Number of protein chains: 2
Amino acid sequence: MSAQKPSIPQGTRDFGPAVVARRNYIFGVIRRTFEKFGYAPLETPTLENLSVLTGKYGEEGDQLLFKVLNSGNFLKKQKGEVVKDEVTPDDLQAGPRAVLPKIAEKGLRYDLTVPFARYVVMNRGTLTFPFKRYQIQPVWRADRPQRGRYREFYQCDADVVGTDSLLCEAEIVLMMCEVLNGIGLTDFTIKINHRRVLGAIYQALGGEGTEMDLFTAIDKLDKIGRDGVEKELAERGFSPDATDRLFALLGVEGSFEEKLERLLAGFVTAGVDADNATADGYKGLQDLRRVYEYLQEFGFAQFDHLDFDVTLARGLSYYTGCIFEIKINNVNMGSVSGGGRYDNLTGAFGLPGVSGVGFSFGVDRLYDCLEELNLFPAAVATTTRCLVANFDADAERAVLPVLRQLREAGVASELYPEPGKLARQFKYADAKGIPFVLLQGSEERAAGQFKLKTLSTGEERVLSLEQVLAELA
Amino acid sequence: MSAQKPSIPQGTRDFGPAVVARRNYIFGVIRRTFEKFGYAPLETPTLENLSVLTGKYGEEGDQLLFKVLNSGNFLKKQKGEVVKDEVTPDDLQAGPRAVLPKIAEKGLRYDLTVPFARYVVMNRGTLTFPFKRYQIQPVWRADRPQRGRYREFYQCDADVVGTDSLLCEAEIVLMMCEVLNGIGLTDFTIKINHRRVLGAIYQALGGEGTEMDLFTAIDKLDKIGRDGVEKELAERGFSPDATDRLFALLGVEGSFEEKLERLLAGFVTAGVDADNATADGYKGLQDLRRVYEYLQEFGFAQFDHLDFDVTLARGLSYYTGCIFEIKINNVNMGSVSGGGRYDNLTGAFGLPGVSGVGFSFGVDRLYDCLEELNLFPAAVATTTRCLVANFDADAERAVLPVLRQLREAGVASELYPEPGKLARQFKYADAKGIPFVLLQGSEERAAGQFKLKTLSTGEERVLSLEQVLAELA
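Residues numbered from 1 in each chain as written. Chains lettered and ligands numbered in written order. Predicted model: local features only at pLDDT ≥ 70, side-chain atom pairs only at ≥ 80, totals over all residues. Heavy atoms only, no water.

By the naming in an unreviewed UniProt entry, chain A goes by Histidine--tRNA ligase and is assigned to Hymenobacter telluris. According to the UniProt record, the Sequence similarities (unreviewed entry) comment for chain A is "Belongs to the class-II aminoacyl-tRNA synthetase family." (UniProt positions renumbered as here; feature names shortened; annotations may be inferred.)

A. Molecular detail of the overall build of chain A. Counting secondary structure elements, chain A contains 18 helices and 18 strands. Radius of gyration (C-alpha) of chain A: 29 Å, far over the 23 Å computed for a compact globule of 473 residues. Dimensions of chain A, computed from C-alpha atoms along their principal axes, come out at roughly 95 × 70 × 45 Å. Classification of the 473 residues of chain A by burial places 55% in the buried group. Put simply, of all contacts in chain A between residues at least 6 apart along the chain, 68% involve residues at least 24 apart. The positive charge centre, built from 56 side chains, and the negative charge centre, built from 66, are 6 Å apart in chain A. (Helix = DSSP H or I, 4+ residues; strand = E, 2+ residues; numbered from the N terminus. Rg over C-alpha atoms; globule rule 2.2 N^0.38 Å. Buried < 20%, exposed > 50% of the residue type's maximum accessible area, 1.4 Å probe, protein only. Contact = heavy atoms within 4.5 Å. Lys, Arg positive; Asp, Glu negative; His and termini not counted. Charge placed at Lys NZ, Arg CZ, Asp CG, Glu CD.)

B. View of the sheet that holds strand β14 (residues 386-388) of chain A. Residue and element names in this part refer to chain A. Pairing in this open sheet of five strands is mixed, and the strands run β15-β14-β16-β17-β18 from one edge to the other. On the outer flanks of this sheet lie β15 (413-415) and β18 (460-463), each paired with one strand and no other. Along the sheet, successive strands turn relative to each other by an average axial angle of 25°, direction set aside. Where β14 and β15 come together, three bridges link them in parallel fashion. The partner of cysteine 386 across the bridge, within β15, is serine 413. (Pairing = 2+ DSSP bridges. Axes fitted to C-alpha atoms, helices over the stretch in contact; angles between N-to-C directions.)

C. Quick peek at the pairing of strand β12 (residues 337-342) of chain B. Residues and elements named next belong to chain B. Counted residue by residue, β12 has six buried out of six residues, so it is predominantly covered. As judged from the five bridges shared by strand β11 (residues 319-328) and β12, these two strands associate in the antiparallel manner. What sits directly across from isoleucine 326, in β12, is serine 337.

D. Region of the structure containing the UniProt feature "binding site: L-histidine" (unreviewed entry) in chain A. All names here are of chain A. UniProt's feature table lists "binding site: L-histidine" (unreviewed entry) at Asp111, Leu112, Thr113, Arg141, Gln155, Asp159, Arg314, Tyr318 and Tyr319, given in the numbering used throughout. Leaving out residues up to four positions away in the same chain, arginine 141 has contacts with Leu64, Phe66, Tyr110, Asp111, Tyr150, Arg151, Phe153 and Gln155. Tracing the backbone shows aspartate 159 in strand β8 (residues 152-161). In this structure aspartate 159 touches Tyr39, Phe116, Phe131, Lys132, Arg133, Tyr342, Val357 and Gly358, once residues within four positions along its chain are discounted.

E. Focus on the packing of aromatic side chains. Under the counting rule described, the total for this entry stands at 36 aromatic pairs over all chains. When the centroid spacing of 5.1 Å and the interplanar angle of 55° are considered together, the rings of Tyr367(A) and Phe376(A) count as tilted. Taking relative accessible area as the criterion, Tyr367(A) reaches 10% and is therefore assigned buried. On the basis of an interplanar angle of 25° and a centroid distance of 6.2 Å, the ring pair of Phe116(B) and Phe131(B) is categorised as stacked. Remark: Phe131(B) occurs in strand β7 (residues 131-140) and Phe116(B) occurs in helix α6 (residues 113-122); sequence separation between them is 15 residues. Per residue, the accessibility class of Phe116(B) equals that of Phe131(B), and both read buried. (Phe/Tyr/Trp six-rings, centres within 6.5 Å; stacked < 30°, edge-to-face > 60°.)

F. Main features of the pattern of salt bridges. Residues and elements named next belong to chain B. Counting across every chain of the model gives 78 salt bridges over all chains. With a closest N to O distance of 3.2 Å, glutamate 59 and arginine 97 form a salt bridge. Residue glutamate 59 is found in helix α3 (residues 58-64), and its partner arginine 97 is found in helix α5 (residues 96-103); the two are separated by 38 residues along the sequence. In this pair, the class of glutamate 59 matches that of arginine 97, namely exposed. (Salt bridge = Lys/Arg side-chain N within 4 Å of Asp/Glu carboxyl O.)

G. Focus on the relation of the copies chain B and chain A. After a rotation of 180° and a shift along the axis of 0.0 Å, chain B superposes on chain A with an RMSD of 0.1 Å. Look at the turn and shift together and you get a two-fold axis relating the two. Relative to the rotation axis, the C-alpha of Val68(B) is the closest in chain B, positioned 2.2 Å from it. Of all interface residues in chain B, 100% are interface residues in chain A too; the two copies therefore contact each other through one and the same surface. (Least-squares fit on C-alpha atoms with pLDDT ≥ 70 in both.)

H. Just the side chain of Gln425(B), in detail. Structurally, the position occupied by Gln425(B) is in helix α16 (residues 422-432). For Gln425(B), the contacting residues outside a window of four places in its chain are Leu387(B), Ala389(B), Asn390(B), Tyr416(B), Glu418(B), Pro419(B) and Gly420(B).

I. Focus on the sheet that holds strand β1 (residues 40-41) of chain B. Residues and elements named next belong to chain B. One open sheet holds the eight strands; their spatial order is β1-β7-β8-β13-β12-β11-β9-β10, and the pairing between them is mixed. Whereas interior strands pair on both sides, the edge strands pair on one side only; in this sheet they are β1 and β10 (306-308). Here 10 bridges tie β7 to strand β8 (residues 152-161), and the two strands are oriented antiparallel to one another. Of the residues in β8, the one forming a bridge with proline 138 is tyrosine 154. Contacting β7, β8, β9 (188-194), β10, β11, β12 and β13 (356-362), helix α7 (residues 167-182) runs over the sheet at an angle of about 15° to β13. Sheet contacts for helix α14 (residues 363-372): β8, β11 and β13; angle to β13, the most-contacted strand, approximately 45°.

J. Representation of the packing of helix α8 (residues 195-204) of chain B against helix α12 (residues 256-270) of chain B. Residues and elements named next belong to chain B. With their axes 9 Å apart at the nearest point, α8 and α12 run at an angle of 35° to one another. α12 is crossed by α8, and the crossing has left-handed handedness. The segment α8 lies against α12, with Val197, Ala200, Ile201 and Ala204 engaging Leu263, Phe267 and Ala270. (Left-handed = near helix turned anticlockwise from the far one by under 90°.)

K. Layout of the side chain of Arg290(A). As for its placement among the helices and strands, Arg290(A) is situated in helix α13 (residues 281-298). Here Arg290(A) falls in the buried class, since its relative accessible area comes to 19%.

L. Seen up close, unusual backbone geometry. All names here are of chain A. In this structure, the amide linkage connecting phenylalanine 129 to the following residue, proline 130, adopts the cis form with an omega of -5°. If you trace the backbone, proline 130 turns up in the loop between α6 (113-122) and β7 (131-140). Although it is not a glycine, asparagine 374 adopts a positive phi angle of roughly 60°. Counting through the fold element by element, asparagine 374 comes out in the loop between α14 (363-372) and β14.

M. Main features of the pairing of β8(B). Residue and element names in this part refer to chain B. With nine of 10 residues buried, β8 lies mostly within the body of the structure. Here β8 pairs with β13 via seven bridges, running antiparallel. When the bridges of β13 are listed, valine 160 appears paired with valine 357.

N. Structural context of the domain arrangement of chain A. Split into domains, chain A comes out as domain 1 (17-47 + 109-372), domain 2 (48-108) and domain 3 (382-472). Computed from C-alpha coordinates alone, the two centres of domain 2 of chain A and domain 3 of chain A are separated by 58 Å. (Domains from an automatic or database assignment.)

O. Local environment of the environment of Gln10(B). All names here are of chain B. Following the sequence through the fold, glutamine 10 ends up in the segment before α1 (17-36). A relative accessible area of 59% places glutamine 10 in the exposed class. Along the backbone, glutamine 10 and arginine 144 are 134 residues apart, and their C-alpha atoms lie at a distance of 8.9 Å. In this structure glutamine 10 touches Pro145 and Arg151, once residues within four positions along its chain are discounted.

P. Spatial organisation of the interface of chain B and chain A. Listed by partner, the interface residues are 105 residues for chain B and 105 residues for chain A. Buried surface at the junction of chain B and chain A, summed over both partners, amounts to about 9000 Å²; 61% is from carbon and sulfur atoms. Between Arg290(B) and Glu396(A) there is a salt bridge; the shortest N-O distance is 3.7 Å. Run the count over chain B and chain A and you get 32 residue pairs in polar contact (both at pLDDT 80 or more). (Buried area = accessible area lost by both parts, 1.4 Å probe. Polar contact = N/O pair within 3.5 Å; in protein donor to acceptor, adjacent residues only side chain to side chain.)

Written out as structure tokens, the structure is:
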């Protein structure tokens, strides 16, 4: 076999020890928070049937699904001895759409929401509702790789289905704060809005254009500014008068409660219909007020991080109630978390009426924030706490029971596996980020003592075994 | 979109909360053990280039690789505007081997060893050797699914490369014991052998047949018995006399040390050449003796679990030194762990001479053992510790600060999200395995107290908040 220079696919990454440790630190905070709030872990397979995935993410999403070739002779699907489906020259002529169904039945998980919906439908007979699950797993997208966009990346989702209680929305705010506080991020804003508030705003403009066009334009406000939005709305058939009214509503200022009051007044003035179910902005405002009250009743102390942002639209997704997004203010980075309430998680799988609310953290972005702000605790970076130096065969023999005792005391420790130059052994400890080196030369051995060196300071202390254990355990 | 009945691909599994918790319990013990011995985590991508994977697992392995379709128009690979590679009707005629290279460049990780070798080669400039890494990730094989054999399953590998020290082998025995003890398995045997001992046995038979035929036959001894092995060896050109000598050597009995002595005597009698590098059984015996001594020097107390098993061959793998395997004796199950030393991890990627030693746990089998022996601790099964009952809106308001305090004390807790029938709330707690339900009806509220119910016993106690926190935290 000829030697080859190996590589990994574009848009994928190896995570070496230091990075894994840092990622696991973030995952750990997220997982503990989810569990503290009663969410239980779910894991679904990497491989899903394409029949489950296709059609759930729009036309573009279908293009971005990684498809897995059928095993065996993928050109001729067989059942027993009979060829059931064979790729023909005509199929080749017709193109990928004709060939694909014959050669690929499975794809890679694209997000965690569709597999969750599939799981709920497949297990509805045995699940107890409300069902609170979290899921921390990688997903794959055949996107064009670029800085910060990967083809394989992790999502961390928590959802509760089978209850309409706004307690869940309030607890999402609590969990968001707890995770961000837990990893040391302090300058953040949790934006909250409600799809029905946006619907009422659309109604307040007088029914011009379409609701979707309006939301799409609002969603871009951050990027293209008021001028850009005005231009886009004009192109979509909104009058200048409607656009003015829009910005009056989007521009409401004040505290959370003041914004609620002022929007309410604005809707009443504009004659927004309280009985229009699809655009019942009053219900939206009520929901937001209830979430706010829940937080007060919880004794929530971080209202300065919570922003009722009327311009938050969360793209074209399937949300129908409260929507959320987190922005880290002191880093130039898109949102690190988002979510909202939806009415119809499982409709595509034949189970209507399953509503719920959920949110998701983007771990890669959180990682980049912590790195940029230098917020990873030093202790996260290493696994081994103590390297036992290896002088020679006799010294090695003498320290083996010590190594055992260190490990029995729960201290991650290793003996340099070969006798040899101390410089090399210290270099090893340095490279691995090991904070302590334990040495027992012949002199110390004769005295039944050890030298413990702290690498960060260079300090060396002569200690008994008991003292070493007390120091490191 | 028409509703469909969703399913998951054959050979894959969903893991619900209880199963994830139990699997994480096993992963946790393995991870902590690896880290305690100085192994650091590595994670590699799910997607690897087929150029990296192909040819590393033999003809059969290549068949079992899951291949991922190129994205975009997979029938016509383009560079810019130019079609570089197009699937033609002639390719169709020629079959999958002609079509595959044009439509698929990536595959799913098949094991953790090849990606590890690739990683070492790609990062050899920055890694510090010896490099001790562990890796706990899923792998995929397009095998025919059957009971206990999955197409997506986890492996847990630990390897150290860049040292020949037999300390590593001794520590593998220690780690194996620590993991098994840690998950409560007590009736196990760690089998150890050495490839060179097997080589010397081959030499001792007088050079008939081939070494590989001999190892393959020995490997089946457990399954087909002595008669079966004798028959197979006869077919492969081994004389009855050689086969008799074989079973004399395989049949050596006694303690670890006695077996070493008796095999040594057997090799000398048979005239095994001490200078034959590929079959230096004396070196194999020396290595095993040194591993044994290391364990003695460590104060290893579980020699009754260690068996020098001369019949252990570990299939046709790439091992060159010590080899290991673990058998759980009180469960009918194949080996739950195996490994060994290899000379040439990275040769296929152009970096010769990287030797190392490693081993791997099969988590699915460990899981099945624990389940069969009923060894999962009860505490593993649940995440939420306390369900706070929800009587009505007033009661809900009153318990929210309590819920906050429980969580601040680290107690995983949840409030049933809607007021309603207590029976339903208790059923919810039951289904989720929540051990405690906290109730505060109007009576308790007036008295500033709580009722704490232990579901397993039905016991109810009236407690103050401080007492509740002390009880649950």
